[in-house]
Amino acid sequence: KTACEFVFCYCSSDVCSSDLELRQGIKQYPNPGIKRLQALIEQALFARHGRKIPVWIIADELEIAEPRWTDALEGYLHTQKFYLLVEPAWFEEALAIYDTAKRQQNLYDIGLIDIERLSAEKPVSRPGSLAEKLRTDNALVRLFVDYVLGDVICCDQTADLRKYRRAITDSFMLYQNYVDRKSVG
């Protein structure tokens, strides 16, 4: 692969104890409940319907097409890249499973995307947007990416940022809501 994957290791020190796991392809999620909830929803849907119904984690479905933009993508998406997604037909059922499980299994801060409602807005990626820096074969994930990143325009120079409503540089200088700020990425 020439594309990069998202960095999943969140470390509190300069040296990451999970570097070996990361090199071996074992992804570390900031919230251990993400994988638990994914498995729980998949198992519950399988038990009810007798077939595997996929529950995707957004980041697992994405590849960074242009490594130069990794910091901007990581920083802008932040925890949104760990949201869960099911096909529209299963959303309400998945949400009910999540609602029950959150109390029983102490699951928190995990997003479940309502892709049916999102798709009704018909998100489109503008030319030059941050959404173009990501690849996915999953059409539902593409809708989410276009919705979140499709109007964030990539700029080479910070001086160009204010030409757009929302814009970003590869070093994660972000302009939105008439504010320029350098975020930690």
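Residues numbered from 1 in each chain as written. Predicted model: local features only at pLDDT ≥ 70, side-chain atom pairs only at ≥ 80, totals over all residues. Heavy atoms only, no water.

Trainee: So what's going on with the pattern of salt bridges? Residues and values would help.
Mentor: Evaluation of the coordinates by the stated rule reveals 12 salt bridges. A salt bridge links Arg48 to Glu93, with the nearest nitrogen and oxygen atoms 3.1 Å apart. Placement of Arg48 in helix H2 (residues 33–49) and of Glu93 in helix H4 (residues 91–104) is noted, with a sequence separation of 45 residues between them. The shortest N-O distance in the salt bridge between Asp160 and Lys163 comes to 3.0 Å. Among the charged side chains, a network of salt bridges with common partners joins Arg68, Asp156 and Asp170. (Salt bridge = Lys/Arg side-chain N within 4 Å of Asp/Glu carboxyl O. Helix = DSSP H or I, 4+ residues; strand = E, 2+ residues; numbered from the N terminus.)

Trainee: How would you explain the sheet that holds strand E3 (residues 84–85) if you had to name every residue and give the values?
Mentor: Pairing between the strands of a sheet is mediated by backbone hydrogen bonds and can be parallel or antiparallel. Spatially, E1-E3-E4 is the arrangement adopted by the three strands of the open sheet, whose pairing is mixed. Edge positions in the open sheet fall to strand E1 (56–57) and strand E4 (112–113), since each of these has one partner strand only. (Pairing = 2+ DSSP bridges.)

Trainee: Let's hear about the nonpolar core: which residues, and what values?
Mentor: If you look at the biggest cluster of nonpolar residues, it comprises 27 residues, and the most contacted ones within it are Tyr76, Leu85, Leu130, Leu134, Leu149 and Ile168. Of all the secondary structure elements, the ones that give two or more residues to this core are helix H3 (70–77), helix H5 (115–120) and helix H6 (139–149). Considering every element that reaches this core, the biggest residue donor is H6, with six residues. Leave out the neighbours within four places in its chain, and Tyr76 touches Leu130, Val148, Leu149, Val152, Arg166, Ile168, Phe172, Leu174 and Gln176. Core analysis: the next-biggest nonpolar cluster, separate from the first, contains 21 residues, Ile34, Ala44, Leu84 and Tyr98 among them. (Core = buried A, V, L, I, M, F, W, Y, C linked by side-chain atoms within 4.5 Å. Buried < 20%, exposed > 50% of the residue type's maximum accessible area, 1.4 Å probe, protein only. Contact = heavy atoms within 4.5 Å.)

Trainee: Please give an account of the packing of aromatic side chains that cites residues and values.
Mentor: For the coordinates displayed, the defined rule picks out two aromatic pairs. Judged by centre distance (5.7 Å) and plane angle (75°), the ring pair of Tyr29 and Phe82 falls under edge-to-face. Placement of Tyr29 in the loop between helix H1 (19–23) and H2 and of Phe82 in the loop between H3 and E3 is noted, with a sequence separation of 53 residues between them. Since its relative accessible area comes to 17%, Tyr29 is described here as buried. Look at Tyr83 and Phe144: their rings are 6.0 Å apart centre to centre, the planes differ by 55°, and that puts the pair in the tilted class. With Tyr83 in the loop between H3 and E3 and Phe144 in helix H6, the pair connects residues that are 61 residues apart, well separated along the chain. (Phe/Tyr/Trp six-rings, centres within 6.5 Å; stacked < 30°, edge-to-face > 60°.)

Trainee: Before we move on, could you go through the sheet that holds strand E8 (residues 173–176) and cite the residues and values that matter?
Mentor: Judged by pairing direction, the sheet is mixed, and its four strands sit side by side in the order E6-E7-E8-E9 without closing on themselves. Only two strands of the sheet have a single neighbouring strand rather than two, namely strand E6 (153–155) and strand E9 (179–182). In this sheet, adjacent strand axes meet at a mean angle of 20° when their direction is disregarded. The pairing of E6 with strand E7 (residues 166–169) spans three bridges and is classified as parallel. Note on E7: the bridge partner recorded for Cys154 is Ile168. Set on the sheet, H3 makes contact with E7 and E8; between it and E7 the angle comes to about 135°. (Axes fitted to C-alpha atoms, helices over the stretch in contact; angles between N-to-C directions.)

Trainee: Explain the pairing of E8 to me, and be specific about the residues and the numbers.
Mentor: Looking at chain direction, E7 and E8 are connected through three bridges and run antiparallel. Bridge pairing in E8 links Ile168 to Leu174. Bridge analysis of E8 against E9 gives four bridges, and the strand direction is antiparallel. Across the sheet, residue Gln176 finds its bridge partner in E9, namely Val179. Between E8 and E9, which pair antiparallel one after the other, the connecting turn spans two residues, and Asn177 there sits at a positive phi close to 55°.

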